[in-house]
Every structure is written in C-alpha cells, then in structure tokens.
Amino acid sequence: MVSRSDIGRIRQVNEDSALTGNINDQLSFAIVADGMGGHQAGDVASQIAVKAFQRILQQHEEITNWSAEDGKRLMRIAIRQANDEIFQLAKHMEQYHNMGTTIVAALLWDHMIIVGHVGDSRAYRINEQGIHQLTEDHSLVNALVQSGQLTAEEAEHHPRKNVLTRAIGTDDDVEVDVRIIEWDSRDILLLCSDGLSNRVSESQLHQIVMSQQPLATSADQLILLANEAGGEDNITLVLYDQNGHVQGKEETL
C-alpha cells in the first residue's frame, strides 16, 4: 500500500490527510480525508477524522474472525465517531465553526474490502478490464446529474461542482455509505481526494496504475499529473495491491 499527499500549486495549506496501517494480522485499513472550512479549520477536521477512525479500529484489534457484516458495522462506527468529534469541536470553538471533511475509507482482509465514504472523495477499482468508481459523490452536481438536470459533460465544468450535499462534522449525525467489494488478486484499489479525480481523467488513472511499475512510481506520477493539470487543490491518494502489504507502522500525511 502506498500513500501520497501534495499541497498542489495554489493552496497555502494542505487540508487533506491520509492514514494507512494494520490493526492486526488479518485487518488493514486506508483512509483519505479532504478537509474544508475557515482558516486552518479544514486541516484540523481531516486530521481529527483519520485519528478518530484509527482509534476506533484499534479498540477492535482483538477481533480475528471478521465477517462482512462486522466490517460494515465497524466502518459506520468509525466514521460516525469522526463526525461526532469534529461536530463537537466546531460547536464549541468559534474558529472551527462550520469546518468539516470528506472521508473515503477501506477495511481490507482476505478477498474482501469494505468501502465507506461521505462526500466527494472517491474509491476506484482498477484492473486490466478498466476502471470502476466504487463510490457515489455526495455533491450538488452529482445529484443534478442523477436527476437528469445535468449531463456528465456539463457537470465537469459546473461552477458549483465543489458544493457537497453530505460531509463529516457539519451535522450531529451523518449517513455513511458502505459497500462490500469482493476482491481479485489482480485488482488495485485507489482512494483519492477530488484534487486528483478533478484533474486526472479515468483513462489516465487506469493507464498509469496498470503500467506494470511499482505502486510508488504510479502514485508519484499521478501527483505530478494533477499538478501539471493545474494543481488548484490539494492532492491525496492511496494505492492498494492485494499482493502487497502494509509494512511497518502507520503513515500519516
């Protein structure tokens, strides 16, 4: 598993956070959070989210016989904990008022992946057959596309593309989308913030990830490509290949 985060070419602060690690010999995890809010509030929100998520997982590290339902339940608990902590901090500290973050996360074991998300950070499955988005953006523009009021092409350049309909920390409760993915050893998982998905096309993502090179090289190339395409936003991603493994301690970016 490889994670990368880059401030981009325009922003003064990197409001994205990423974390990967192992909870025990059976369970690994990855999470990407894209913060939003006033001055420095976005980076605070995303950091709280990944730490809260990790802490909940660590509280369940003794569990060894995981089922799909166990994984879905744990995903919802971890993301809702992140929501609670961010909401309470924003409620009681004026400088953090209205802060929030997106989350896309994965729990990984055997031939199964549990994907959970809130917001417009994305998960993709990439293999020789193509690239498939595993998450549905919680955004105004995507809602308009789903209702037939916008085409996909119009959505790409819509002025309110960054408006979210669901986020972590902005309300006292949040609905978390969770799905189970049966995993093949030839599949690669990509988690990313919209700083990547808004600037690098799906065909480019597929070509680079499937280019028969180390995941670290592919990750570096994706960051470079997003910056070359403008780099207006922070860029964060995690790449996971089932043939690999999270080595050593967790890495936070």
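Read on for a plain summary of the structure. Please read all numbers here as calculations on a predicted model, not as lab measurements.

Cut-offs used in this document
- Residues numbered from 1 in each chain as written.
- Predicted model: local features only at pLDDT ≥ 70, side-chain atom pairs only at ≥ 80, totals over all residues.
- Heavy atoms only, no water.
- Phe/Tyr/Trp six-rings, centres within 6.5 Å; stacked < 30°, edge-to-face > 60°.
- Helix = DSSP H or I, 4+ residues; strand = E, 2+ residues; numbered from the N terminus.
- Buried < 20%, exposed > 50% of the residue type's maximum accessible area, 1.4 Å probe, protein only.
- Pairing = 2+ DSSP bridges.
- Axes fitted to C-alpha atoms, helices over the stretch in contact; angles between N-to-C directions.
- Parallel < 35°, antiparallel > 145°, perpendicular 65-115°, else oblique.
- Left-handed = near helix turned anticlockwise from the far one by under 90°.
- Contact = heavy atoms within 4.5 Å.
- Nonpolar A, V, L, I, M, F, W, Y, C, P; charged D, E, K, R; others polar.

**Here's the deal with the packing of aromatic side chains**
The tally for this structure, following the rule as stated, stands at 1 aromatic pair. Look at Phe29 and Phe53: their rings are 6.2 Å apart centre to centre, the planes differ by 50°, and that puts the pair in the tilted class. Taken as a pair, Phe29 in strand S3 (residues 28-36) and Phe53 in helix H1 (residues 41-58) lie far apart in primary sequence, 24 residues in all. The two residues Phe29 and Phe53 agree in class, both being buried.

**Some words on the pairing of strand S7 (residues 122-127)**
Buried residues dominate S7, accounting for 6 of its 6 residues. With burial as the criterion, each face of S7 is covered, one bearing Arg122, Tyr124 and Ile126 and the other bearing Ala123, Arg125 and Asn127. Sheet analysis places S7 next to strand S10 (residues 188-192), joined by 5 bridges and oriented antiparallel. Residue pairing across strands places Ile126 opposite Ile188, the latter belonging to S10. If you look at the hairpin formed by S7 and strand S8 (residues 130-133), you'll find 2 residues sitting between the two strands.

**A word on the packing of helix H6 (residues 202-209) against helix H7 (residues 215-228)**
One way to put it is that H6 packs onto H7 with a least axis distance of 9 Å and a crossing angle of 150°. Classified by the angle their axes make, H6 and H7 are roughly antiparallel. As for how H6 packs across H7, the hand of that crossing is right-handed. Between H6, through Gln204, Leu205, Ile208 and Val209, and H7, the contact on the second element is made entirely by Ser218, Gln221, Leu222 and Leu225. Partitioning the contact of H6 with H7 into residue classes produces 5 nonpolar, 3 polar and no charged.

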